[in-house]
Amino acid sequence: MDRHCARQERIRVPGAERQVTACLDDLTTAGTTASGHTDPADWAGLHPAGAVNPTGVPGIQIDGYFPDTSTTNTNHGWNHDAQFVLRLPDDWNGGLVVAGTPGNREQYANDFTVSDWALARGYAYAATDKGNTGLAFFKDGREPGDAIAEWNERVTQLTVAARSAARQRYRTAPRRTYVAGVSNGGYLVRWQLENRPWLYDGGIDWEGTLWRVRGDNLLAFLPPALRAYPQGDAEAMYAAGFARGSEFLWPYHHQVYWDLTQRIYREEIDPGYDGAAEAGTPYCTPGTPACDADYDYAARRPYGAVGKIALTGRIGKPLITLHGTLDSLLPISRSGDVYADMVGARRPFRYYRIEGGNHVDGLYAAHPDRIRPILPCFRSAFEALEGWVERRQSPPPSATLPRPAGGDLANGCQLGR
């Protein structure tokens, strides 16, 4: 038996209702795409064209799911949510990286952006689908806010289980555990470090979604954008938080993101709102009864639901946050900047504003002269976090990182000047 296959059948993921173990010659996407142990559609559009990833990391992959009653995740034909993937490389550095997925994607969504790179550095890696997937995720749970609250529970559940599985594989527990994520995954990082800091040594938050009971959240700034953009009212867009210079991104985000994002999260947080447009209506006319553009968070006050998922800024372990200045889904002035103020100066925190960064790196190919990919900055931030936690080397001060005039932007980023 190959060395990296030894003991694989003895590994049990605690709490898993089902698990399937495979011995693979390459756990990175270069190998798992060919072997069927990832789903490229899950991570499509999240990384920049030209990004170079490591390959050739042999080890054990475990796919499975925890008990759950919802069935939106169809991977492996299981039709079962709370699916996870766990990767245990042969050459282990003693660490574990845990991730939750961005958007409403499934457990393989971070495979290119996080897993490949972490595995090549010797980390074990674990990711969860958060317990509900797809555009109708809000149908899960009994009460408003329950579906998103489950996301946090599933990350905690997987972290505990993955640490145990790593101990079985390597006969010693992980010496350090990091949590990382993009967008909704970044929100999960923040929540874990605020509420479960004893499970982790630090985290990387890449443009995390901000949820607050009062103040900024996406239900407060997306409706103004839905009203202002069709009217060509740029000043109202700026007032809603969208950055000057991001105008070239608005048509795409209007078509793809704003309306859909507003509706599905409003359905989760405030399903009783009767002004929602009927399913299948692509956009509505502001001022009509059937229009989420008219949603008024401050007037509706769905505070009970948001209270289940709200952030406080009270992190208990080192956190590095990255946010693009041209983010046209979660504008930096209403998201990253606000969370940085919530954390404050006395907690272990660094905040890097990436000039030219957008919410997803996939648009870099369409605008290589104006967008800066955040993926290489994520990797530099991870290295800085390692130094901070493991060698007590302070990362560069929080700063806005200027967009370089040249160079390989898809693969290089310096946090310090």
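Residues numbered from 1 in each chain as written. Predicted model: local features only at pLDDT ≥ 70, side-chain atom pairs only at ≥ 80, totals over all residues. Heavy atoms only, no water.

Talk me through the overall build of the chain; I want residue IDs and the actual numbers.
Looking only at helices and strands, the chain has 12 helices and 10 strands in total. Compactness check: the chain gives a C-alpha radius of gyration of 21 Å against a globular reference of 22 Å for 417 residues, within 12% of the reference. With the C-alpha coordinates aligned to their principal axes, the bounding extent of the chain is approximately 70 × 50 × 40 Å. Split into buried and exposed, the 417 residues of the chain put 61% on the buried side. Across the chain, every contact between residues at least 6 apart in sequence was considered, and the portion connecting residues at least 24 apart equals 74%. When the accessible surface of the chain is summed, it comes to about 15800 Å², and 49% of that surface belongs to carbon and sulfur atoms. Of the side-chain charges in the chain, 43 are positive and 48 negative, and the distance between the mean point of each set is 8 Å. (Helix = DSSP H or I, 4+ residues; strand = E, 2+ residues; numbered from the N terminus. Rg over C-alpha atoms; globule rule 2.2 N^0.38 Å. Buried < 20%, exposed > 50% of the residue type's maximum accessible area, 1.4 Å probe, protein only. Contact = heavy atoms within 4.5 Å. Areas by Shrake-Rupley, 256 points an atom, 1.4 Å probe, with all protein chains shown as cover. Lys, Arg positive; Asp, Glu negative; His and termini not counted. Charge placed at Lys NZ, Arg CZ, Asp CG, Glu CD.)

Explain helix H6 (residues 218–228) residue by residue, including any values.
H6 sits mainly inside the fold: eight of its 11 residues count as buried. Within the sequence span of H6, burial applies to Leu218, Leu219, Phe221, Leu222, Pro223, Ala225, Leu226 and Ala228. Looking at the buried residues of H6, the elements they touch are helix H7 (234–240), helix H8 (250–269) and helix H9 (297–300). Near the N-terminus of H6, the side chain that reaches the backbone nitrogen of Leu219, with its oxygen 2.9 Å away, is that of Asn217. (Polar contact = N/O pair within 3.5 Å; in protein donor to acceptor, adjacent residues only side chain to side chain.)

Before we move on, can you summarise the pairing of strand E9 (residues 349–354) with the specific residues and values?
A large share of E9 lies buried, amounting to five of its six residues. Regarding topology, helix H11 (residues 336–343) serves as the crossover connection from strand E8 (residues 319–324) to the parallel E9, and that connection is right-handed. One ladder, built from three bridges, connects E9 with strand E10 (residues 399–401); its direction is parallel. Within the sheet, the bridge partner assigned to Tyr352 lies in E10 and is Ala399. Handedness of the crossover is the feature at issue here: the chain leaves E9, passes through helix H12 (residues 375–390), returns alongside E10, and the resulting connection is left-handed. (Right-handed = clockwise from strand over helix to strand, strands pointing away. Pairing = 2+ DSSP bridges.)

Break down the state of the cysteines for me, citing the residues and quoting the values.
Enumeration according to the criterion identifies one disulfide in this entry. Here Cys377 engages in a disulfide with Cys413; their sulfurs sit 2.1 Å apart. Between Cys377 and Cys413, the S-S torsion sits near 95°, and that sign places the bridge as right-handed. Remark: Cys413 occurs in the segment after E10 and Cys377 occurs in helix H12; sequence separation between them is 36 residues. As far as the burial class goes, Cys377 and Cys413 line up, both buried. (Disulfide = S-S within 2.5 Å.)

Which residues make up the packing of aromatic side chains, and what are the values?
The geometry of an aromatic ring pair is captured by two quantities: the separation of the ring centres and the angle between the planes. Scanning the model with the defined rule gives 22 aromatic pairs in all. Between Trp43 and Phe112 the ring centres are 5.8 Å apart and the planes differ by 25°, which places this aromatic pair in the stacked class. Of this pair, Trp43 sits in helix H2 (residues 40–43) while Phe112 sits in helix H3 (residues 111–120), and the two are 69 residues apart along the sequence. Take Phe112: its relative accessible area is 10%, and that puts it in the buried class. Judged by centre distance (5.9 Å) and plane angle (55°), the rings of Tyr238 and Trp250 are tilted. Of this pair, Tyr238 sits in helix H7 while Trp250 sits in helix H8, and the two are 12 residues apart along the sequence. Trp250 shares its class with Tyr238; the two are buried. Looking at Lys130, its charged tip hangs above the ring of Trp151, at a distance of 4.7 Å from the centre. Here Arg370 stacks its cationic end above the ring of Phe248, 4.0 Å away from the centre of that ring. (Phe/Tyr/Trp six-rings, centres within 6.5 Å; stacked < 30°, edge-to-face > 60°. Lys NZ or Arg CZ within 6 Å of the ring centre and 35° of its normal.)

Describe the pattern of salt bridges, naming the residues involved and giving the relevant values.
In total, this model carries 16 salt bridges according to the counting rule given. One salt bridge connects Glu383 with Arg121, and the closest N-O pair in it is separated by 3.4 Å. One end of the pair, Glu383, is in helix H12; the other, Arg121, is in the loop between H3 and strand E5 (124–128), and 262 residues separate them in sequence. By relative accessible area, Arg121 is classed as partly exposed at 32%. One connected set of salt bridges, linked through shared partners, spans Asp68, Glu150 and Arg154. (Salt bridge = Lys/Arg side-chain N within 4 Å of Asp/Glu carboxyl O.)

Give me the lowdown on the sheet that holds E9, citing residues and values where you can.
Strand order in the open sheet formed by 10 strands is E1-E2-E3-E5-E4-E6-E7-E8-E9-E10, and the pairing between neighbours is mixed. Looking at which strands have only one partner, the edges of the open sheet turn out to be strand E1 (18–24) and E10. Averaged over all adjacent pairs, the angle separating strand axes in this sheet is 15°, with direction ignored. Of the pairings in the sheet, the one linking strand E4 (residues 95–100) to E5 comprises five bridges and is parallel in character. Across the sheet, Ala99 pairs through a bridge with Ala127, a residue of E5. Relative to strand E6 (residues 176–182), helix H5 (residues 184–195) is tilted by about 140°, and along the sheet it contacts E4, E6, strand E7 (202–206) and E8. (Axes fitted to C-alpha atoms, helices over the stretch in contact; angles between N-to-C directions.)

Residues and numbers for the pairing of strand E2 (residues 59–65), please.
Along E2, seven of the seven residues are buried, which leaves the element largely enclosed by surrounding structure. As paired strands, E2 and strand E3 (residues 83–89) are joined by seven bridges and run antiparallel to one another. Within E3, the position partnered with Ile62 by the bridge is Leu86.

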